Number of protein chains: 2
Amino acid sequence: MSERTNQGEIDIATSPRKRTGNGAARHHDADEIGLDALVGHAGYAVRRFQIWIFQDFIKTLADVDIRPTQYSVMTVIGANPGLSQMAVAKRLGIERARLVHLLDSLESRRLVKRIKSKTDRRSHALHLTAQGETALAKFKRLAAEHERHVEEKIGKENREHLLRILAGFT
Amino acid sequence: MSERTNQGEIDIATSPRKRTGNGAARHHDADEIGLDALVGHAGYAVRRFQIWIFQDFIKTLADVDIRPTQYSVMTVIGANPGLSQMAVAKRLGIERARLVHLLDSLESRRLVKRIKSKTDRRSHALHLTAQGETALAKFKRLAAEHERHVEEKIGKENREHLLRILAGFT
DNA sequence: CGGCAATTGTTGTCGTCAACAACAATCTTT
DNA sequence: AAAGATTGTTGTTGACGACAACAATTGCCG
């Protein structure tokens, strides 16, 4: 739907112009505003894309009220039962302080449980509850649907290439 | 004074061989924790990449104390002098409420100025100051250096392909 | 023309998220 | 046993997005 097609190449933006004292400048239509140097910055494109992708994820999983970070936490715990909070935080690049609240929330929803480790009484071993496992299965189906939205947006081909390019960051 | 010195240390390509002694279940080394379904999710890869890219941007432009959003605002104003706040906000996908603070900050640093529009007394025409223009030139050089870091990280080829894939989001 | 709706900038609130600091309980090292 | 490191926790700060309310101003429509 986003018919923004900015191929128009506006040339009015290449040299700095100063209208000394002249406050009211020319009139710009909404989509003829040049981005200048921003085009060609990977960070800008990635950020916009990331916002889009997260919004779609949140919307697609709105029924089950699961956000991307919660999903990632449950996925990792599901694949590696018994991990400590430290290990999960490190693996996902989350602050361990932040993980505390994430787990508080998931635990209060009976999706995850903290079990006191016997070998290290400081740490907790993280597990999915039975209901957490079945819930995760559903989340994964919805996440797959979200992933199809991504395909529709950028193309199957491009999505796969993207995953290859960014494989090192996972 | 937002001197946050990000050393977030997402150890992505490096494997720091640390023991995570969780006792309850199996023993996991830090980098042998599976991500399961997370691999194959574009959103996860994009998010990690975006975090990396922003941290590098912030670090590379730390000397001039310019963050990605500030850079994008100045770039757009520099390329389209006289834009209203509404127009800039819409173009960059920023809340206009948020842009107020961004401009307050940039204006107090004499990089940007708000000039009362004569044709619409509600709106401000945004311009770079003279010092803002020279500053932006420097920012762009540093941003280009940052972009080279991205190339080193994912490869020149891949960076260009990425920009092509995500061109629709700019 | 006059009144009403829409727009613009602004202020403020709320919630998410990353970075840090401090702390008690508990290992680990020496 | 003492010193130092690690784990989970609490709390603070700051960047950021989403909203809501508001005054000033503009545009529209009858």
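Here the structure is a predicted model, which is why all the values come from computation and not from measurement.

**Brief notes about the overall build of chain A**
Moving on, step 1. Within chain A, the regular secondary structure consists of six helices and two strands.
Moving on, step 2. Secondary structure of chain A in N-to-C order comes out as α-α-α-α-β-β-α-α.
Moving on, step 3. For chain A, contacts bridging at least 24 residues in sequence account for 52% of all contacts bridging at least 6.
Moving on, step 4. Of the accessible surface of chain A, which amounts to about 9,500 Å², a share of 48% is contributed by carbon and sulfur atoms.

**Let's talk about the pattern of salt bridges**
Residues and elements named next belong to chain A.
Moving on, step 1. By the definition in use, this model includes 13 salt bridges over all chains.
Moving on, step 2. Here Glu-147 makes a salt bridge to Arg-159, at a shortest N to O gap of 3.2 Å. Here Glu-147 is found in helix α5 (residues 130-154), whereas its partner Arg-159 is found in helix α6 (residues 156-165), with 12 residues between them in sequence.
Moving on, step 3. Each of the salt bridges in this network shares a partner with another, and the network as a whole consists of Asp-104, Glu-107 and Arg-114.

**Thoughts on the packing of aromatic side chains**
Moving on, step 1. On inspection of all chains with the given rule, the structure shows eight aromatic pairs over all chains.
Moving on, step 2. The structure contains a cluster of three or more aromatic residues connected by ring pairs, namely A:Phe49, A:Trp52 and B:Phe169.

**Some thoughts on the protein's contact with DNA strand D**
Moving on, step 1. Around DNA strand D, a shell composed of 23 residues is seen, among which A:Arg47, A:Met86, A:Arg114, A:Arg122 and B:Arg98 lie nearest.
Moving on, step 2. The sugar-phosphate portion of DNA strand D accounts for 67% of its atoms within 4 Å of the protein, the bases making up the rest.
Moving on, step 3. Interatomic distance of 3.2 Å between a backbone N/O atom of A:His124 and a phosphate oxygen of DNA strand D.
Moving on, step 4. B:Thr69 is positioned such that a nitrogen or oxygen atom in its side chain is 3.0 Å from a phosphate oxygen of DNA strand D.
Moving on, step 5. Of the residues that constitute the surface near DNA strand D, the class distribution is four nonpolar, seven polar and 12 charged.

**Here we look at the packing of helix α3 (residues 85-92) of chain A against helix α4 (residues 96-108) of chain A**
Residue and element names in this part refer to chain A.
Moving on, step 1. The interhelical angle for the contact between α3 and α4, taken along N-to-C directions, is 110°, at an axis separation of 9 Å. The orientation of α3 relative to α4 falls into the category roughly perpendicular. Relative to α4, α3 is oriented so that their crossing is right-handed. On α4, the residues touching Gln-85, Met-86, Val-88 and Ala-89 of α3 are Arg-96, Leu-99, Val-100 and Leu-103.

**Observations regarding the confidence of the model for chain A**
The predicted structure's coordinates, where accompanied by low pLDDT, should not be read in detail.
Moving on, step 1. This prediction gives chain A a mean pLDDT of 83; 81% of its residues lie at or above 70.
Moving on, step 2. Every residue in residues 1-26 of chain A is under pLDDT 50, and counting partners more than four places away or in other chains gives 29 contacts.

**A look at the packing of helix α1 (residues 42-60) of chain A against helix α1 (residues 42-60) of chain B**
Moving on, step 1. The N-to-C vectors of α1(A) and α1(B) enclose an angle of 140°; their axes lie 9 Å apart at closest approach. It follows from the interaxial angle that α1(A) and α1(B) lie oblique. Where α1(A) crosses over α1(B), the two elements pack in a sense that is left-handed. Facing α1(A), whose interface residues are A:Ala42, A:Gly43, A:Val46, A:Arg47, A:Phe49, A:Gln50, A:Ile53 and A:Phe54, α1(B) presents B:Ala42, B:Gly43, B:Val46, B:Arg47, B:Phe49, B:Gln50, B:Ile53 and B:Phe54.

**Here's the deal with the protein's contact with DNA strand C**
Moving on, step 1. Inspection of the region around DNA strand C gives 27 residues, with A:Arg98, B:Arg47, B:Gln55, B:Met86 and B:Arg122 positioned closest.
Moving on, step 2. Backbone atoms, meaning sugar plus phosphate, form 65% of the atoms of DNA strand C positioned within 4 Å of the protein.
Moving on, step 3. Between DNA strand C and the protein, one listed contact pairs a phosphate oxygen with a side-chain N or O atom of A:Arg98 at 2.3 Å.
Moving on, step 4. In the environment of DNA strand C, a phosphate oxygen lies 2.8 Å from a nitrogen or oxygen atom belonging to the backbone of A:Arg121.
Moving on, step 5. For the surface near DNA strand C, the secondary structure elements donating two or more residues are α4 of chain A together with α1, α3 (85-92) and α4 (96-108) of chain B.
Moving on, step 6. Grouping the constituent residues of the surface near DNA strand C by class yields four nonpolar, 11 polar and 12 charged.

**Brief notes about helix α2 (residues 68-79) of chain B**
All names here are of chain B.
Moving on, step 1. With 12 residues, α2 extends 16 Å between its outermost C-alpha atoms, agreeing within 8% with the 16 Å of an ideal straight helix rising 1.5 Å per residue.
Moving on, step 2. Along α2, 11 of the 12 residues are buried, which leaves the element largely enclosed by surrounding structure.
Moving on, step 3. Burial in α2 covers these residues: Pro-68, Gln-70, Tyr-71, Ser-72, Val-73, Met-74, Thr-75, Val-76, Ile-77, Gly-78 and Ala-79.
Moving on, step 4. Among the structural elements, α1, α3, α4, β3 (112-116), β4 (124-128) and α5 (130-154) are those in contact with the buried residues of α2.

**A short note on unusual backbone geometry**
All names here are of chain A.
Moving on, step 1. Its identity is not glycine, yet Arg-110 carries a phi of approximately 60°, on the positive side.
Moving on, step 2. Here Arg-110 shows up in the loop between α4 and β1 (112-116).
Moving on, step 3. Exposure remark for Arg-110: the relative accessible area of 56% places this residue in the exposed category.

Rules used in this analysis
Per chain, residue numbering runs from 1 following the sequence as it is written. Key to labels: chains lettered from A, ligands numbered from 1, both in the order written. Local features in a predicted model are, by the rule used here, given only for residues with pLDDT of at least 70; side-chain atom pairs are given and counted only at 80 or more, and totals for whole chains, interfaces and linings are based on all residues. Based on all heavy atoms of the structure, the side-chain values leave hydrogens and waters out of the count. By definition, any uninterrupted DSSP run of H or I lasting at least four residues is a helix, any uninterrupted run of E lasting at least two residues is a strand, and each is numbered from the N terminus. The contact criterion used throughout is that any non-hydrogen atoms of two residues lie within 4.5 Å. Only the protein chains shown count as cover for residues, with accessible areas throughout obtained via the Shrake-Rupley method and a probe of 1.4 Å. Within this document, salt bridges are pairs made up of a side-chain nitrogen of Lys or Arg and a carboxyl oxygen of Asp or Glu, the two lying within 4 Å of each other. Two aromatic rings from Phe, Tyr or Trp, using only the six-membered ring of Trp, form a pair when their centres are within 6.5 Å; if the ring planes differ by under 30 degrees the pair is stacked, by over 60 it is edge-to-face, and anything between is tilted. The criterion for a residue being near a molecule or strand is simple. One of its heavy atoms has to lie within 4 Å of it. Polar contacts here mean pairs of N or O atoms no more than 3.5 Å apart (in protein, one a potential hydrogen donor and the other a potential acceptor; neighbouring residues in sequence count only if both atoms are side-chain atoms). Amino acids are sorted into nonpolar (Ala, Val, Leu, Ile, Met, Phe, Trp, Tyr, Cys and Pro), charged (Asp, Glu, Lys and Arg) and polar (every other residue, Gly among them). Only the contacting stretch of a helix is used when fitting its axis, a line to C-alpha atoms as for every element, and angles between N-to-C directions run 0 to 180 degrees. Any angle between 65 and 115 degrees counts as roughly perpendicular, while under 35 counts as roughly parallel, over 145 as roughly antiparallel, and the rest as oblique. The hand of a helix crossing depends on one turn: near helix anticlockwise from the far one by less than a right angle means left-handed, and clockwise means right-handed. Every residue carries a pLDDT, the predictor's confidence in it, which falls somewhere between 0 and 100. Working rule for helices: expected span equals 1.5 Å times residues minus one. Under the scheme applied here, a residue whose accessible area is under 20% of the maximum for its type counts as buried, over 50% as exposed, and between as partly exposed, the area being computed with a 1.4 Å probe on protein chains only.

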